[in-house]
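Architecture and fold: a report
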Amino acid sequence: MNQKTLETLAPWLFTIAMFAIWEAACRIFRIDPFILPAPSEAFVAMAQHWRALLRHSTVTLWTTMAGFAIAVAFGVVLGLIVGWSRTIYRGLYPVMIGFNSVPKVAVVPILIMWFGIGEVPAILTAFLISFFPIVVNVATGLASMEPELEDVLRALGAKKLDIMLKVGIPRTQPYLFGSLKVAITLAFVGTIVSETVGANAGLGYLIALAGSNFQVPLVFAALILLAVEGIAMYAVFAYAETYFTRWAFRSSMSAAT
Amino acid sequence: MNGFVDISNVTLNYKGASGGVLALQGTSLRISRGEFAAVVGPSGCGKSSLMKLVTGLVPADAGEIVIFGDKVAGPVKIAGMAFQNPNLLPWRKVIDNVLLPLEIVEPHRRRFRQHKQQYREQARVLLATVGLDGFGERYPWELSGGMQQRASLCRALIHQPALLMLDEPFAALDAFTREELWCVLRDLWQEIGFTVVLVTHDLREAAFLADSIHVMSARPGRIVMSKAVDLPRPRELDICYEARFTDIVHELRAKIAQVRQA
């Protein structure tokens, strides 16, 4: 087996090895399945309850994507505004940091009071938790523009809007896509937090319910599915990043340094 | 007679957190139309501030700058600029980088969409003059540093500016590439006939290219010496090894050593 195929297989090998060690540890140390079920038990539970798991993971996936979509739209707009003007940056930044420091789990009860049990609080929590990195990265992309390039354009009579459209926004792309990978995983956290606190569907709800019924293997089955969804969405945005901003990887912005 | 660029008694103060820095004080300089002027001086003497003043990016605190009869009160729009760093946009092909000024400056801006083919042809011709024939469809990262700087010169010239401002454009290049680009710039200037202000550290570069060399003092910067270079044109690189050339360089060197002491 050559180096390249080994590299392609590495993620799979590591995943399999992790499950193997987990399985072995449960058997060797005779761990109570009530404390930590072996992965085989989790997979058995997955097979038994596949209908429920499919339904709940679909709910979690779509609420996460909905919240994430709002976060992208809102984050990009706010990032452009913050990166546009120093005054807005100064004024808004402390507020945003304060907002981001509030644990979202504390906000969920309020959202449930406002919108009732259901998908809306989950979507909003996913949005609230994931927009911050997008704003920061988009604003950084704009703010780190080369001053000389700005001079070249300003000397030609370019307005601020011209500079943003021709240089600022395109050069923000790699920053944006980098932040999407962080934001999508955060969005899952938001959805699950909200579903755990109060919902009637979704993997978070299922985990809370199965936990209170002492169906620990089912809890782990749901956790594994959640991890799979997270990895899949991360992969989608990692691919989008390399696809849309190939120039940034090729040049590693070296033309600008 | 008035010059093309007329800087009279200009003062510029940079306001920083730790108090203002007097960058230029009582600076005067006159450059005629079509002249190739070089500004040399010790580092930190405000040469780059002078560029920003002339292009109208920074307003002077005192004194006035007149370009072609108009007092500078904002970005001048008839200038092209190039810096030590080529600053090409990595997501645009070389030719689209060169075309960037036309998307901004009037009247090209309005005509750009309809006459795109014509403008592209114009950019192709310009790229060919600097030896980048066939590189237009490549991306900047596929080009060497010297080639990127050639493209940057094209971008500064595509809108046919009457004034070309260069801030140490060749400082980051190796010696051979630098001399190659001297000749590229010399040929462009002789062919098109724009006015050039070249800010540089390199005295040989100034002597080889310029009609007149202006020495600036340490901060606050002032012009302390202006020297006409009467070497015949067209100049070849061999001239750098002739006695009259080295005399000029020596004279400039002595003057700069003296202002650095002061």
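Residues numbered from 1 in each chain as written. Chains lettered and ligands numbered in written order. Predicted model: local features only at pLDDT ≥ 70, side-chain atom pairs only at ≥ 80, totals over all residues.

Moving on, we come to the overall build of chain A. Across its full length, chain A carries eleven helices and zero strands. Put simply, chain A runs from its N terminus to its C terminus through helices and strands in the order α-α-α-α-α-α-α-α-α-α-α. For chain A, the spread of C-alpha atoms along the principal axes amounts to about 75 × 60 × 30 Å. A buried classification covers 39% of the 257 residues belonging to chain A. (Helix = DSSP H or I, 4+ residues; strand = E, 2+ residues; numbered from the N terminus. Buried ≥ 20, exposed ≤ 12 C-beta atoms within 10 Å, placed from the backbone.)

This part is about the overall build of chain B. Of regular secondary structure, chain B possesses eight helices and ten strands. The C-alpha radius of gyration of chain B comes to 19 Å, within 12% of the 18 Å expected for a compact globule of 262 residues. Once the C-alpha set of chain B is aligned to its principal axes, its extents read approximately 55 × 45 × 40 Å. A total of 262 residues make up chain B; the buried ones form 45% of that total. (Rg over C-alpha atoms; globule rule 2.2 N^0.38 Å.)

Turning our attention to the pairing of strand E6 (residues 79-83) of chain B. Across the five residues of E6 of chain B, five count as buried, placing the element largely inside the fold. Residues Ala79, Met81 and Phe83 of chain B point to one face of E6 of chain B and Gly80 and Ala82 of chain B to the other, with burial holding for every one of them.

Let's shift gears to the packing of helix H5 (residues 108-115) of chain A against helix H6 (residues 119-143) of chain A. Residues and elements named next belong to chain A. One can describe the packing of H5 onto H6 by two numbers: an axis separation of 9 Å at closest approach and a directional angle of 140 degrees. Judged on the interaxial angle alone, H6 and H5 are oblique. Here the hand of the crossing between H5 and H6 comes out right-handed. On H6, the residues touching Val108, Leu111, Ile112 and Phe115 of H5 are Val120, Pro121, Leu124 and Thr125. A class-by-class count of the residues in the contact of H5 with H6 yields seven nonpolar, one polar and no charged. (Axes fitted to C-alpha atoms, helices over the stretch in contact; angles between N-to-C directions. Parallel < 35°, antiparallel > 145°, perpendicular 65-115°, else oblique. Left-handed = near helix turned anticlockwise from the far one by under 90°. Contact = placed C-beta atoms within 7 Å. Nonpolar A, V, L, I, M, F, W, Y, C, P; charged D, E, K, R; others polar.)

Moving on to helix H8 (residues 243-261) of chain B. All names here are of chain B. Relative to the 27 Å expected for 19 residues at 1.5 Å per residue, H8 spans 27 Å between its end C-alpha atoms, a close match to the ideal helical length. The set of residues buried in H8 consists of Ile248, Leu252 and Ile256. For H8, the arc enclosing every buried residue in end-on projection is 65 degrees, short of the 170-degree limit, so these residues lie on one face. The exposed set on the far side of H8, more than 90 degrees from its buried face, consists of Ala243, Asp247, His250, Ala254, Ala257 and Gln261. Buried residues belonging to H8 abut strand E3 (36-40), helix H7 (203-209) and strand E9 (212-216). (Expected span 1.5 Å × (residues − 1). Arc of directions from axis to C-beta.)

Turning our eyes to something else, we now look at the interface of chain B and chain A. Accessible area lost when the parts come together is the quantity often used to give the size of an interface. In this assembly, 24 residues from chain B lie in contact with 23 residues from chain A. At three residues, E6 of chain B tops the list of elements feeding residues into the side of chain B that touches chain A. Split by residue class, the side of chain B that touches chain A holds 18 nonpolar, four polar and two charged.

Among the nonpolar cores identified, the biggest contains 92 residues, and Val98 and Ala210 of chain B are the most heavily contacted of them. For this core, the leading source of residues is helix H5 (residues 145-157) of chain B, giving six residues. Those residues in contact with Val98 of chain B that lie beyond four places of it in its chain are Ala123, Leu126, Leu127, Ala151, Cys154, Arg155 and Ile158 of chain B. Counting 51 residues, the second-largest nonpolar core is a separate cluster that includes Ala187, Ile207, Ala210 and Leu225 of chain A. (Core = buried A, V, L, I, M, F, W, Y, C linked by C-beta atoms within 7 Å.)

Looking along the chain, the bond that leaves Arg233 of chain B and enters Pro234 of chain B is cis, with omega of -5 degrees. Tracing the sequence through the fold places Pro234 of chain B in the loop between strand E10 (223-228) and H8. In this structure, Phe214 of chain A takes a positive phi of about 60 degrees despite not being glycine. Its location among the elements puts Phe214 of chain A in the loop between helix H9 (203-212) and helix H10 (216-244). When the 9 C-beta atoms within 10 Å are taken as the criterion, Phe214 of chain A is described as exposed. At Glu168 of chain B, a position not held by glycine, the phi torsion is positive, near 45 degrees. Position of Glu168 of chain B among the secondary structure elements: in the loop between strand E7 (163-167) and helix H6 (175-192).

Residue and element names in this part refer to chain A. Running from amino to carboxyl end, H6 crosses helix H8 (residues 160-197) at an angle of 160 degrees, the nearest separation of the two axes being 7 Å. With respect to H8, the axis of H6 lies roughly antiparallel. Remark: the crossing between H6 and H8 carries right-handed chirality. By residue class, the composition of the contact of H6 with H8 is 17 nonpolar, twelve polar and two charged.

This part is about the sheet that holds E6 of chain B. All names here are of chain B. Strand order in the open sheet formed by six strands is E6-E7-E8-E3-E9-E10, with mixed pairing between adjacent strands. Edge positions in the open sheet fall to E6 and E10, since each of these has one partner strand only. Each neighbouring strand pair of the sheet contributes to a mean axis angle of 15 degrees, computed without reference to strand direction. As paired strands, E3 and E9 are joined by four bridges and run parallel to one another. Each bridged residue has a counterpart across the sheet, and for Val40 the counterpart in E9 is Val215. Together, E3, E9 and E10 form the strand contacts of H8, whose direction differs from that of E9 by roughly 15 degrees. (Pairing = 2+ DSSP bridges.)

Next up on the list: the pairing of E9 of chain B. All names here are of chain B. Burial within E9 is extensive, with four of its five residues counted as buried. As judged from the five bridges shared by E9 and E10, these two strands associate in the antiparallel manner. Bridging from a neighbouring strand, Val215 pairs with Met225 of E10. Connecting E9 to the next strand, E10, in antiparallel fashion are six residues.

Turning our attention to the confidence of the model for chain B. Detail in the predicted coordinates should be disregarded across regions flagged by low pLDDT. With 97% of its residues at a pLDDT of 70 or more, chain B shows a mean pLDDT of 87. Per the prediction output, this complex has pTM 0.80; the corresponding ipTM is 0.78. (pLDDT = per-residue confidence, 0-100.)

This part is about the confidence of the model for chain A. Confidence in the prediction of chain A, expressed as mean pLDDT, is 90, and 96% of residues score 70 or more. Predicted confidence for residues 253-257 of chain A stays below pLDDT 50, and this span has twelve contacts to residues more than four positions away or in other chains.

Residues and elements named next belong to chain B. Checked against the element boundaries, Gly221 lands in the loop between E9 and E10. Judged by the 26 C-beta atoms lying within 10 Å of it, Gly221 is buried. Ignoring any residue separated from it by four or fewer positions in sequence, one finds Gly221 in contact with Ala23, Leu24, Thr27, Gly41, Cys45, Gly46 and Met216.

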